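# Coordinates in review
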Amino acid sequence: MPQYMLLIYPPVDTPPPNRLARWQDYTDSLVEAGVMLANGRLQTVDAATTVRVRGGETLISDGPFAETKEFLAGFYLVDCPDLDAALKYAERMPLEDYGSVEVRPMMFPAGTPASEMTVPVQA
């Protein structure tokens, strides 16, 4: 089955509502449905370090790459039959009035060896 990354983007300047129990219920529902492959929560943008290599020189800076109104706070990796199913799981996240979810298909399934990662050439 295809795999989809559900990327969670809350606003930078607004503290998240206390929905820990709802998030746990959501996570449990993905496990019970047999679709969750992995998930994770990231620290805030204040903990980020950005690395850029330009002209052979490595530049390291504290914080995110760019100023944004939302930040990547976490993810779920799900195994679904199609995009419509992944979108349904994204809709159920407890973010109805706070933040957004970006749903993106994985180019290769998680765990694919590098030797098998070939991108088809567009003609």
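As shown above, the structure is provided for reference.
Residues numbered from 1 in each chain as written. Predicted model: local features only at pLDDT ≥ 70, side-chain atom pairs only at ≥ 80, totals over all residues. Heavy atoms only, no water.

## Focus: the layout of surface pockets
Basically, it comes down to this: Every definition here rests on a 1 Å grid over the protein atoms only: cavities are sets of points where a 1.4 Å probe fits but cannot get out, pockets are open sets enclosed by protein on both sides within 12 Å along at least five of seven lines, and lining residues have some atom within 4 Å of a point. Grid points are joined across faces, edges and corners, and a volume is the space filled by probe spheres set on the points. Helix and strand definitions here come from DSSP, where helices need a minimum of 4 consecutive H or I residues and strands a minimum of 2 consecutive E residues; each element is numbered from the N-terminal end. Under this grouping Gly is polar, as are all residues other than the nonpolar Ala, Val, Leu, Ile, Met, Phe, Trp, Tyr, Cys and Pro and the charged Asp, Glu, Lys and Arg.
Its boundaries defined by the atoms lining it, the largest pocket holds a volume of some 670 Å³. If you go around the largest pocket, you meet 29 residues; those closest to its centre are I8, P16, W23, R41 and A73. Elements with a minimum of two residues in the lining of the largest pocket: α1 (20–33), β2 (36–41) and β5 (74–79). Among the elements that line the lining of the largest pocket, the one with the most residues is α1, at four residues. When its residues are assigned to classes, the lining of the largest pocket shows 18 nonpolar, nine polar and two charged.

## With respect to the packing of aromatic side chains
Note the cut-off: Here a Phe, Tyr or Trp ring, Trp counted by its six-membered ring, pairs with any other such ring whose centre lies within 6.5 Å, and the pair is stacked when the planes are under 30 degrees apart, edge-to-face when over 60, and tilted otherwise. Partly exposed residues are those whose accessible area sits between 20% and 50% of the maximum for their type, while under 20% is buried and over 50% is exposed, using a 1.4 Å probe and protein chains only.
Counted under the stated rule, the structure contains three aromatic pairs. Their ring planes at 10° and their centres at 6.4 Å tell us that W23 and Y76 sit as a pair that is stacked. Residue W23 is found in helix α1, and its partner Y76 is found in strand β5; the two are separated by 53 residues along the sequence. What makes Y76 buried here is its relative accessible area of 4%. With a centroid separation of 5.2 Å and an interplanar angle of 85°, the aromatic rings of Y26 and Y76 are classed as edge-to-face. Pair noted here: Y26 is in helix α1 and Y76 is in strand β5, with a separation of 50 residues, a long-range link. Like Y26, the residue Y76 is buried in the burial classification. Taken together, the aromatic side chains of W23, Y26 and Y76 make up a single cluster linked through ring pairs.

## Brief notes about the pairing of strand β4 (residues 57–62)
So the rule is basically this: Strands qualify as paired when DSSP identifies two bridges or more between them.
The pairing of strand β3 (residues 49–54) with β4 spans six bridges and is classified as antiparallel. Each residue of the ladder has a partner; that of T50, found in β4, is S61. Hairpin connection between β3 and β4: a loop of two residues separates the two successive antiparallel strands, and G55 in this loop has a positive phi of roughly 55°.

## Describing a nonpolar patch on the surface
Basically, it comes down to this: Here a patch means residues that are over 30% exposed by relative accessible area and free of salt bridges, tied together within 9 Å if like-charged and within 5 Å if nonpolar (Val, Leu, Ile, Met, Phe, Trp, Tyr). Shrake-Rupley sampling with a 1.4 Å probe provides the accessible areas, and residues are treated as covered by the protein chains on show and by no other component. Salt bridges are counted wherever a side-chain nitrogen of Lys or Arg sits within 4 Å of a carboxyl oxygen of Asp or Glu.
Taken together, V51, V53 and I60 make up a surface patch of nonpolar side chains, about 300 Å² in accessible area. In this structure, V51 sits in strand β3. Judged by relative accessible area, V51 falls into the exposed class, the value being 54%.

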